[in-house]
There are 2 protein chains.
Amino acid sequence: MQLTTRTRYALRALVYLGQRYGRGAVQLREIAKKEGISEKYLEQIFYRLRRASIVKTKKGPGGGYELGDNPATIKLIDILSAVGESLAPVFCVADNKTARCPRSKNCPARPYWEKLKEVIEEFFNNHTLADIGKNAKKKG
Amino acid sequence: MQLTTRTRYALRALVYLGQRYGRGAVQLREIAKKEGISEKYLEQIFYRLRRASIVKTKKGPGGGYELGDNPATIKLIDILSAVGESLAPVFCVADNKTARCPRSKNCPARPYWEKLKEVIEEFFNNHTLADIGKNAKKKG
DNA sequence: ATAATAGTCTACTGAAAAAGTAGGATATTG
DNA sequence: CAATATCCTACTTTTTCAGTAGACTATTAT
């Protein structure tokens, strides 16, 4: 029941950007360095964040990343979705139900998994990047 | 955020035993066969369940497993604990905090992880084996 | 007694997923 | 047009999960 490092790194990086919201683009290199995350790995993560419009970018010299919106309006669930984190406790209640369980019709546990999934989703739906950010020490 | 097959198999097997509660021991072979789970793997799972007193056993011919208590009194959280499923969304809020995060002191996300963990634990604490069992078709 | 049965326990192996790396392509600035 | 910084795909390594193997112990029925 653990979140992947991709998700955790994404959140850390985004909190970092949140602290600098409205002050222009920040280079990936800086974030990676300050947060102690592999630059290449973080690059990959930001690729997903950008496709989901969580961040917007500017290429070339002086370029970098910045939040696509105010931290207070960015829900955690959208970040998790962007990096591909599934919140389903079992695959059979995942959004992409490609691998359908043959037992699902008679599965006595299924309603509970659905419920648990809702509870978890609700959690991430009710918190924003700003919520986390306000606990962070502002530095720089 | 997925539960392991160990957990799911354990639940399925225990629901099976729950349907036969009070009617003597059931052989592992039978459960494995009916549930389509590897006998050896299930054996390993029951080893943990027994150590946690979720099930009790009888060795030798005519032996087998049966629930250690009434299904209605067996909380899901105890089953999950028995098979070693962690409900912590990140390792730093796990019960065994062996691998301590160096950032944990200033981690802005941590209070949220603690909260999420509580929510998930609450879920499994508030449901019993009987809850799941009552959705199961009784057969035999 | 003892042979057959059924669970006990540890260690190992294979498979899958997660974590991280590599490198060329593309766009932008000065 | 050269330097910079992101874009994108594919690959490798590491870790965890899933499953297997096999020798051991207790119990029952004969």
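Quick caveat, the model's predicted, so the values are computed rather than measured. Along each chain, residue indices are assigned from 1 in the same order as the chain's sequence is written. Think of it this way: whatever chain is written first is A, whatever ligand is written first is 1, and the rest follow in order. Per-residue local features of the predicted model are confined to residues with pLDDT of at least 70, and side-chain atom pairs are confined, for both listing and counting, to 80 or more; whole-chain, interface and lining totals are unaffected and use all residues. The side-chain figures draw on all heavy atoms in the structure; neither hydrogens nor water molecules are used.

Undergrad: Hey, could you go over the packing of aromatic side chains for me, with residue numbers and the actual values?
TA: Here is the rule: rings of Phe, Tyr and Trp (six-membered ring for Trp) pair when centre to centre is within 6.5 Å. Planes less than 30 degrees apart are stacked, more than 60 are edge-to-face, and the remainder are tilted. Counted by the stated rule, this structure contains 8 aromatic pairs over all chains. Arranged with centres 5.8 Å apart and planes meeting at 80 degrees, the rings of B:Tyr9 and B:Tyr41 form a pair that is edge-to-face. Separated by 32 residues along the polypeptide, B:Tyr9 in helix α1 (residues 5-19) and B:Tyr41 in helix α3 (residues 39-51) bring together distant segments of the chain. For each residue, the accessible area found with a 1.4 Å probe, counting protein chains only, is set against the maximum for its type, and the residue is called buried under 20%, exposed over 50%, and partly exposed in between. Classification of B:Tyr41 by relative accessible area gives partly exposed; the value is 29%. Feature note: the residues A:Trp113, B:Phe123 and B:Phe124 constitute an aromatic cluster, connected by ring pairs. Geometrically, a lysine NZ or arginine CZ counts as sitting over a ring once it is within 6 Å of the ring centre and also within 35 degrees of the ring normal. A:Arg51 extends its terminal NZ or CZ atom over the ring of A:Tyr47, reaching a point 4.4 Å from the ring centre. Above the face of the B:Tyr16 ring, B:Arg20 is positioned so that its terminal group lies 3.6 Å from the ring centre. Here a strand is any run of E in DSSP of at least two residues, a helix any run of H or I of at least four, and the numbering for each starts at the N terminus.

Undergrad: So what about the environment of B:Lys137? Which residues, and what values?
TA: Looking at the element boundaries, B:Lys137 is found in the segment after α6 (129-133). In this structure the C-alpha to C-alpha distance between B:Lys137 and B:Gln19, which are 118 residues apart in sequence, comes to 9.0 Å. Once residues within four sequence positions are removed from consideration, B:Lys137 is found in contact with A:Asn106 and B:Gln19. A contact between two residues is defined here by any heavy atoms of the two lying within 4.5 Å.

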